[in-house]
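One-letter residues, chain by chain:
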Protein chains: 2
Amino acid sequence: MTSPRQTPPAFTPLVDSLPATVPFVGPETQERARGRPFAARLGANESLFGPSPKAIAAMAAAAAEAWMYGDPENHDLKAALAAHHGIAPENIVVGEGIDGLLGYLVRLFIGAGDPVVTSAGAYPTFNFHVAGFGGALHTVPYRSDHEDPEALLAKARETGAKLLYLANPDNPMGTWHPAETIRAMIETLPDGCLLVLDEAYVEFAPEGTAPPLAPEDPRVIRMRTFSKAYGMAGARVGYAICAPELAGAFNKIRNHFGVNRIAQAGALAALADQRHLQEVVSEVEAARSEIGRIAADNGLTALPSATNFVTVDCGKDGDYARRVLAELIARDIFVRMPFVAPQDRCIRISAGRRQDLAKVAEALPQALKAAEA
Amino acid sequence: MTSPRQTPPAFTPLVDSLPATVPFVGPETQERARGRPFAARLGANESLFGPSPKAIAAMAAAAAEAWMYGDPENHDLKAALAAHHGIAPENIVVGEGIDGLLGYLVRLFIGAGDPVVTSAGAYPTFNFHVAGFGGALHTVPYRSDHEDPEALLAKARETGAKLLYLANPDNPMGTWHPAETIRAMIETLPDGCLLVLDEAYVEFAPEGTAPPLAPEDPRVIRMRTFSKAYGMAGARVGYAICAPELAGAFNKIRNHFGVNRIAQAGALAALADQRHLQEVVSEVEAARSEIGRIAADNGLTALPSATNFVTVDCGKDGDYARRVLAELIARDIFVRMPFVAPQDRCIRISAGRRQDLAKVAEALPQALKAAEA
């Protein structure tokens, strides 16, 4: 053992000021704490219908090539995405999931005290990044369980926000706005404000939810992912669609070799299998109906959803919903809930397979009874 | 098309000041520019001996589980690494390769103008991160093709450096210092300076190169990787060994779900197959000898190496070595060179398989002749 005489350097003042809390506790962490596995994994909006078999095969084949770094330009995936969307590769940034891309995006724009606007209770990992770069986060409440475009815009105007975050469809509520509302938002953004339009769940949404891509528009960046409908959450591949000047700026700071080579191969194969994607979307629609039926059978209300999860109103306050959540977890059902009142009266259930939802149907009445006791 | 009236937000002043250059141009980018593939991929110090077959099998099996996010705590891998090294999991940070970990580390400590010391011509991705967080990089020259501990320490004292970067063994030169030298460095670090000891290549180094782990010592953080000897560069798994307080601080800023699930499974299997690792180390030793023989056959001098590459002195100036490099690339041999004079009189050749080095043996005499013409 050495006996250190010298002191290590000080963290930056910003790092010193950050809390040790993390955005999400993983299900594996909960399983280790509980001492037993979950029977149904329905809390992280992963796709229980899995990746395309072609993507699985591509990843399995690429495993033997893992000795090579991935292409730092993500060229082939960008080219395929460009063709898929009818845009140019210069309008695309591929990164380590939307989480990674949001971190880079915040770093590009936000320094100490720079204002950012989001909804109270919206995606916490975005907030984690804003805090992590010293930004000042301003929030507005949801309105009727929807994000509130008018209030978000007003807050952005009031604070001089550089970034305005909106998820459409929204997580954790599952609700959505039509494309026309989003277009109107873009047209009335205050000067010097970028709309961060998180479309992680857009493949599940009805036609007319996503505005047409206008990739040269410098006022908006759109976040997409292979984690949800493409069923590859563990692979960490997301992409952003934006104006070329903004896309290019990511190169100044991103981890160039950061996207796993196996994941690049998998995403390319997944994108090519649009039939699988459509099957997943159909399965998810059926699962949403089934969750609605289970909720109704138990006297609860399922919110309309354009995502791969359904947010279920437990009909009382947050404490009650937290008891329901705890009782479901005690019955080996991994689910989560919205973090902020009054949305915390709800629990959020991912669209599982028949066998997963059968377990929910079995556990929910018991959980409700226990929560009321 | 929308017709934007508003302007987007300004990048931070720091981002505005950053150059658009990237640390490394990938071989795929070069292949696309050349219009044909390389015949031997010997420029990025990847392991041509591949990952353990058990790691390949584990990754192939995990591909079907890619619908699940990876464990954000990397619990199982950390536990296995702790057991392997005889340290506690609290001393380990798992991240998206050493590149990702270096980025987090710099972010923890370095703000505008904070001094950092490294060697001129050492790992450029570290410098990329220092610049990316506004640090002031101070360099000292190599001494006899080795990093110069005395000069690094003197520069750290002179500048009040918060971080001092040293790779042992070194990339791009392949040279190394004995453990005693590193221990003496740690003992004489100036107050408030952390030694960033990059040991990416340490598995290839002779006994007595790495000082014993002293994971409670707050003055040093050691970087290790599955990219080199474990043959998993494309998987993006690295780890740091450091004092628990520092390890915990990464949680304030890291991308918690950033490590690919397939990669976690692969790293776990790779770590368990130490026999494969030893075979790779033996193959690399043989390849280093073979590169030395090829160099000598052509009148060139191979530097001693404790890594999976050999740096070959072309015997003239940087312009000549760059011509040799270009002529090798023109003959479909992907190699690289040290960036900074006088080390740029050398080219760097990764330890390849027999068939790879046979191509080097064939191409090198022609490349030298062409470079002299």
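None of the values given here were measured: they were computed from a predicted structure. (Residues numbered from 1 in each chain as written. Chains lettered and ligands numbered in written order. Predicted model: local features only at pLDDT ≥ 70, side-chain atom pairs only at ≥ 80, totals over all residues. Heavy atoms only, no water.)

S.K.: Go over unusual backbone geometry with me, naming the residues and quoting the values.
M.R.: Cis geometry marks the peptide bond from B:Asn168 to B:Pro169; its omega dihedral reads 0 degrees. Residue placement: B:Pro169 occurs in the loop between strand E5 (163-167) and helix H8 (179-187). In the Ramachandran plot, A:Arg236 falls in the positive-phi region, its phi being about 60 degrees despite a non-glycine side chain. Position of A:Arg236 among the secondary structure elements: in the loop between strand E7 (220-225) and strand E8 (238-241). With a relative accessible area of 4%, A:Arg236 lands in the buried category. (Helix = DSSP H or I, 4+ residues; strand = E, 2+ residues; numbered from the N terminus. Buried < 20%, exposed > 50% of the residue type's maximum accessible area, 1.4 Å probe, protein only.)

S.K.: Residues and numbers for the interface of chain B and chain A, please.
M.R.: Taken together, the contact pairs 94 residues of chain B with 94 residues of chain A. Taking both partners together, chain B and chain A bury about 7900 Å²; carbon and sulfur atoms supply 60% of that area. Per-residue buried area on chain B facing chain A is highest for B:Trp67, B:Tyr69 and B:Lys252; these three make up 11% of the total on that side. On the surface where chain B and chain A come into contact, there are six salt bridges. The salt bridge partner of A:Arg32 is B:Asp71, with a shortest N-O separation of 3.1 Å. (Contact = heavy atoms within 4.5 Å. Buried area = accessible area lost by both parts, 1.4 Å probe. Salt bridge = Lys/Arg side-chain N within 4 Å of Asp/Glu carboxyl O.)

S.K.: Quick one: what's the story with the domain arrangement of chain A, residue by residue and with numbers?
M.R.: All names here are of chain A. For chain A, the assigned domains are domain 1 (25-49 + 275-367) and domain 2 (53-272). Contacts between the two partners involve 25 residues from domain 1, matched on the other side by 24 residues from domain 2. Counting the surface lost from both domain 1 and domain 2, the interface buries some 1900 Å², and carbon and sulfur atoms represent 65% of this. Looking only at domain 1, the three residues that lose the most surface to domain 2 are Leu277, Ala306 and Gln343, adding up to 27% of its buried area. Close ionic contact of Asp145 with Arg345 constitutes a salt bridge, the shortest N to O distance being 2.6 Å. Across the domain 1-domain 2 interface, the total number found is nine residue pairs in polar contact (both at pLDDT 80 or more). Of all the secondary-structure elements, those providing two or more residues to the side of domain 1 that touches domain 2 are helix H11 (274-297), strand E10 (309-313) and strand E12 (346-350). For the side of domain 1 that touches domain 2, the leading source of residues is H11, giving six residues. Taken together, the residues of the side of domain 1 that touches domain 2 break down into 13 nonpolar, eight polar and four charged. (Domains from an automatic or database assignment. Polar contact = N/O pair within 3.5 Å; in protein donor to acceptor, adjacent residues only side chain to side chain. Nonpolar A, V, L, I, M, F, W, Y, C, P; charged D, E, K, R; others polar.)

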